[in-house]
Amino acid sequence: VIPGYGGGMSSAKAQLESDTRTLAYEAGRKWNVRVNTISAGPLKSRAASAIGKEPGQKTFIEYAIDYSNANAPLGQDLYNDDVGNSAMFLCSGLARTVTGVTLYVDNGLHAMGMALDSESMSDRNA
């Protein structure tokens, strides 16, 4: 959980995870296809960098990346290729029995609770 990242986005992601499980069952039984979802951690994309951009301040995604690096079990940067490689795995024969899952590609951040006292958020909490 990243402080300040909630509201509609959190409920939309929860619904996507639920839809993934439902569609995996329905599409699997009817058409023998697999349905999975990838939930990526914070990536510094052009689109993400435009959110909350104010002169002289870090963008929201920069705070989210700092938070992730400071609090996730694997404190390292996440790259587009990390997400792409996970998608390639899910599309490959290696994952032929994997369906209905949400694959978190986030350095383990999803396994953490919210760290409100994180140093990475000190500027944002002020």
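Overview of the structure. Since this is a predicted model, take the numbers as computed values, not measurements. (Residues numbered from 1 in each chain as written. Predicted model: local features only at pLDDT ≥ 70, side-chain atom pairs only at ≥ 80, totals over all residues. Heavy atoms only, no water.)

Tallying secondary structure elements over the protein gives 5 helices and 2 strands in all. The order of α-helices and β-strands along the protein, N terminus first, is α-β-α-α-α-β-α. Sequence-distant contacts, at least 24 apart, represent 72% of the contacts inside the protein between residues at least 6 apart. Just so you have it, the protein exposes about 8300 Å², and 54% of that area is on carbon and sulfur atoms. (Helix = DSSP H or I, 4+ residues; strand = E, 2+ residues; numbered from the N terminus. Contact = heavy atoms within 4.5 Å. Areas by Shrake-Rupley, 256 points an atom, 1.4 Å probe, with all protein chains shown as cover.)

This paragraph deals with empty space enclosed by the protein. Per the stated rule, a full pass over the model turns up 1 cavity of 30 Å³ or more. Taken together, P42, I65, S68, N69, Q76, D77, L78 and N107 make up the lining of the largest cavity. (1 Å grid on protein atoms, 1.4 Å probe; cavity = no way out; pocket = protein on both sides within 12 Å on 5 of 7 lines; lining within 4 Å. Points joined across faces, edges and corners; volume = space filled by probe spheres on them.)

The phi dihedral of N32 is positive, around 60°, even though this residue is not glycine. We classify N32 as exposed; its relative accessible area is 70%. Phi at N107 takes a positive value of approximately 60°, unusual for a residue other than glycine. Take N107: it is sitting in the loop between β2 (102-105) and α5 (122-125). Overall, the relative accessible area of 11% leaves N107 in the buried class. (Buried < 20%, exposed > 50% of the residue type's maximum accessible area, 1.4 Å probe, protein only.)

Here we take up the nonpolar core. A48, F60, I61, A64 and I65 together form the largest nonpolar core, which totals 5 residues. Examining the composition of this core, we find that 4 residues originate from one element, helix α3 (residues 60-71), more than from any other. (Core = buried A, V, L, I, M, F, W, Y, C linked by side-chain atoms within 4.5 Å.)

Moving on, we come to the pattern of salt bridges. Scanning the model with the defined rule gives 2 salt bridges in all. K44 serves as the salt-bridge partner of E62, at 3.0 Å between the closest nitrogen and oxygen. Of the two residues, E62 sits in helix α3 while K44 sits in the loop between β1 (37-40) and α2 (46-49), which places them 18 residues apart along the sequence. Overall, E62 belongs to the partly exposed group, its relative accessible area being 23%. K58 is the salt-bridge partner of D66, the closest N and O atoms lying 2.5 Å from each other. Residue K58 is classed as partly exposed on the basis of its relative accessible area of 29%. (Salt bridge = Lys/Arg side-chain N within 4 Å of Asp/Glu carboxyl O.)

On to the side chain of T20, then. Of note, T20 is situated in helix α1 (residues 8-31). Aside from chain neighbours lying at most four places away, what touches T20 is V35, N36, T37, G100 and V101.

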